[in-house]
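Listed below, chain by chain, are the residues.
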Amino acid sequence: MPNSLEQSIFNTVRYFALFDMPVTAVQIWRALVLDRDPPAGGDSRLRWQGQHLPKLSEVRRLLGTSAWLQQRLGTAWGYFFLRGKEESVRRRLNRHVIAQHKWRLTRKLAKYLALVPCVRMIAGSGSLALSNTRPSSDLDMFVIVRGGRIWTTRLLLLLVAQLLGRRRKYWDRQAPDRLCFNHFITDTELTMPAAVRNLYTAVAYSHLVPLFGVRMWSRFEAANGAWIRNFLMYPDTPPLLPKQGVALPFWVRELKNFFEEMLLEPLGEFLERSAEKRQRRAIREHTQPGRSGRVAISPTELAFHPDSRVPDILSQFAQDAGQKTLL
């Protein structure tokens, strides 16, 4: 029988295999998938038979010496994958190269998006955050905005994306290199609702790549770390910040703050209500009933995932005995 760490290493490789994504030892260590729920009332850091988070060296050692893992995993070019999935490494390398081109474009676009008043954080998400993109992949954005101005900020971001010629439209089946603003939350409610806490979202939110607003990203990580650690084990220290991040000069920040203060005046409240009315009408017109994904509309969250694969991914992962606790 495998020990707890061996099982979690295997679970991690198996989970990412659902996205046709081989992973490195470092990537495994940074997203170890738990094979069971923690004991009631137990410290979320004490999962490995009473031990703290394993060191990267322990993960590497087991990957190289565990007969149980070697029967189930293959390795090539520093990547680990399920036995029989050797070709996935070549696809992974190709997608990584494609992702670097998309990141260069995203950084250029982020310089303009960061100028929008009330934007507190912009982060790459989805396949872009994992550098596992196809040529047809769009640029998924996760955005945190100032509380009370979520509709105005979304409208301004869509307008900027439109002016840049990079906005993904409702009707686009595929939108390569187009900005997809599919999730907004406010800085007044950073903790994700209990209804959407699962393995898929734990991986997604723990792999966000901040392009703007690093401090707000740190606050978001802190607000959601406790429930994410019910599904994953990863280091307390954040990863090195990416080169894709952008910073605004002092005078630009001051100008942005000036426009934000204007939006807090009574006229700004009128604009917020007008923006909400207009966008709600557009959302109703373009939301098709009966789709399996999630569309959330509230004063603190706007989420647009009508064709989400989350239920299917979680169902596939749960096929093995003993994994249903992860749903």
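Scoring rules and cut-offs
- Residues numbered from 1 in each chain as written.
- Predicted model: local features only at pLDDT ≥ 70, side-chain atom pairs only at ≥ 80, totals over all residues.
- Heavy atoms only, no water.
- Helix = DSSP H or I, 4+ residues; strand = E, 2+ residues; numbered from the N terminus.
- Expected span 1.5 Å × (residues − 1).
- Buried < 20%, exposed > 50% of the residue type's maximum accessible area, 1.4 Å probe, protein only.
- Arc of directions from axis to C-beta.
- Contact = heavy atoms within 4.5 Å.
- Pairing = 2+ DSSP bridges.
- Axes fitted to C-alpha atoms, helices over the stretch in contact; angles between N-to-C directions.
- pLDDT = per-residue confidence, 0-100.
- Polar contact = N/O pair within 3.5 Å; in protein donor to acceptor, adjacent residues only side chain to side chain.
- Salt bridge = Lys/Arg side-chain N within 4 Å of Asp/Glu carboxyl O.
- Lys, Arg positive; Asp, Glu negative; His and termini not counted.
- Phe/Tyr/Trp six-rings, centres within 6.5 Å; stacked < 30°, edge-to-face > 60°.
- Parallel < 35°, antiparallel > 145°, perpendicular 65-115°, else oblique.
- Left-handed = near helix turned anticlockwise from the far one by under 90°.
- Nonpolar A, V, L, I, M, F, W, Y, C, P; charged D, E, K, R; others polar.

A. Structural view of helix α10 (residues 250-263). Along its 14 residues, α10 runs 20 Å from first to last C-alpha, staying within 8% of the 20 Å computed at 1.5 Å per residue. Every buried residue of α10 is listed here: Val252, Lys256, Glu260 and Leu263. Around the axis of α10, the buried residues are gathered within 80° of arc, so they sit on the same side. Facing away from the buried surface of α10 by more than 90 degrees, the exposed residues are Phe250 and Trp251. Packed against the buried residues of α10 are β4 (119-124), α7 (150-163), β7 (209-212) and α11 (266-286).

B. Local environment of unusual backbone geometry. Non-glycine residue Trp77 carries a positive phi angle of around 55°. Examined against the element boundaries, Trp77 turns out to sit in the loop between β2 (73-76) and β3 (79-82). You will see that Asp177, though not glycine, has its phi angle at about 60°, which is positive. In this fold, Asp177 is placed in the loop between α7 and β6 (179-186).

C. Summary view of the sheet that holds strand β10 (residues 301-305). Across the sheet, 6 strands lie side by side as β7-β4-β5-β6-β10-β9; this open sheet has mixed pairing. Only two strands of the sheet have a single neighbouring strand rather than two, namely β7 and β9 (294-298). On average, each strand axis in the sheet is inclined to that of its neighbour by 30°, with strand direction left out of account. Note that β6 and β10 share 3 bridges and pair antiparallel.

D. Structural view of the confidence of the model for the protein. Of all residues in the protein, 87% have pLDDT values of 70 or greater, and the mean over the chain is 87. Per-residue pLDDT stays below 50 along residues 37-46; that stretch engages in 13 contacts with residues further than four places along the chain or on separate chains. Taken as a whole, residues 321-327 scores under 50 in pLDDT and shows 18 contacts with residues more than four places along the chain or in a different chain.

E. A look at helix α8 (residues 199-206). Of all 8 residues that make up α8, 6 are buried, and the element is covered over most of its length. Among all positions in α8, only Leu199, Thr201, Ala202, Val203, Tyr205 and Ser206 are buried. Where α8 begins, one side-chain oxygen reaches toward the backbone nitrogen of Tyr200, 3.0 Å away; that side chain belongs to Asn198.

F. Region of interest: the pattern of salt bridges. Per the stated rule, a full pass over the model turns up 12 salt bridges. The partner of Arg149 in a salt bridge is Glu269, and the shortest N-O contact between them spans 3.1 Å. Remark: Glu269 occurs in helix α11 and Arg149 occurs in the loop between β5 (139-145) and α7; sequence separation between them is 120 residues. Linking Arg273 and Glu269 is a salt bridge whose minimum nitrogen-to-oxygen distance equals 2.4 Å. With Arg273 and Glu269 both in helix α11, this residue pair falls 4 residues apart, about one helical turn. For Glu269, a relative accessible area of 34% translates into the label partly exposed. Several salt bridges converge on common partners, so that one network encompasses Arg149, Glu269, Arg273, Glu276 and Arg280.

G. The arrangement of the side chain of Glu6 in detail. Assignment of secondary structure puts Glu6 in helix α1 (residues 4-17). Within the buried core, Glu6 has no salt-bridge partner, and the shortest N-O distance to an opposite charge, that of Arg61, equals 7.6 Å. Setting aside anything within four residues of it in sequence, one finds Glu6 in contact with Leu62, Ser66, Trp68 and Leu69.

H. Seen up close, the environment of Gly268. With respect to the helices and strands, the residue Gly268 is situated in helix α11. Along the chain, Gly268 and Gly148 lie 120 residues apart, while their C-alpha atoms are 9.9 Å from each other. When sequence neighbours within four positions are dropped, the list of residues in contact with Gly268 reads Arg149, Met262 and Leu263.

I. Representation of the packing of aromatic side chains within the structure. Following the criterion strictly, the structure yields 12 aromatic pairs and no others. Between Phe10 and Trp68 the ring centres are 5.5 Å apart and the planes differ by 80°, which places this aromatic pair in the edge-to-face class. Of this pair, Phe10 sits in helix α1 while Trp68 sits in helix α4 (residues 67-70), placing them 58 residues apart in sequence. For the residue pair Phe10 and Trp68, the accessibility class agrees, reading buried in each case. Between Phe258 and Phe259, the ring centres sit 5.5 Å apart and the planes meet at 70°, which makes this aromatic pair edge-to-face.

J. Here's a closer look at the packing of α8 against helix α9 (residues 214-228). Contact pair α8 / α9: the axes reach a minimum separation of 11 Å and the direction vectors enclose 150°. Between α8 and α9, the crossing angle belongs to the class labelled roughly antiparallel. Every pair of crossing elements has a handedness; the one defined by α8 and α9 is left-handed. Residues Thr201, Ala202, Tyr205 and Ser206 of α8 lie in contact with α9, whose contacting residues are Phe220, Glu221, Trp227 and Ile228. Among the residues forming the contact of α8 with α9, the class breakdown is 5 nonpolar, 2 polar and 1 charged.

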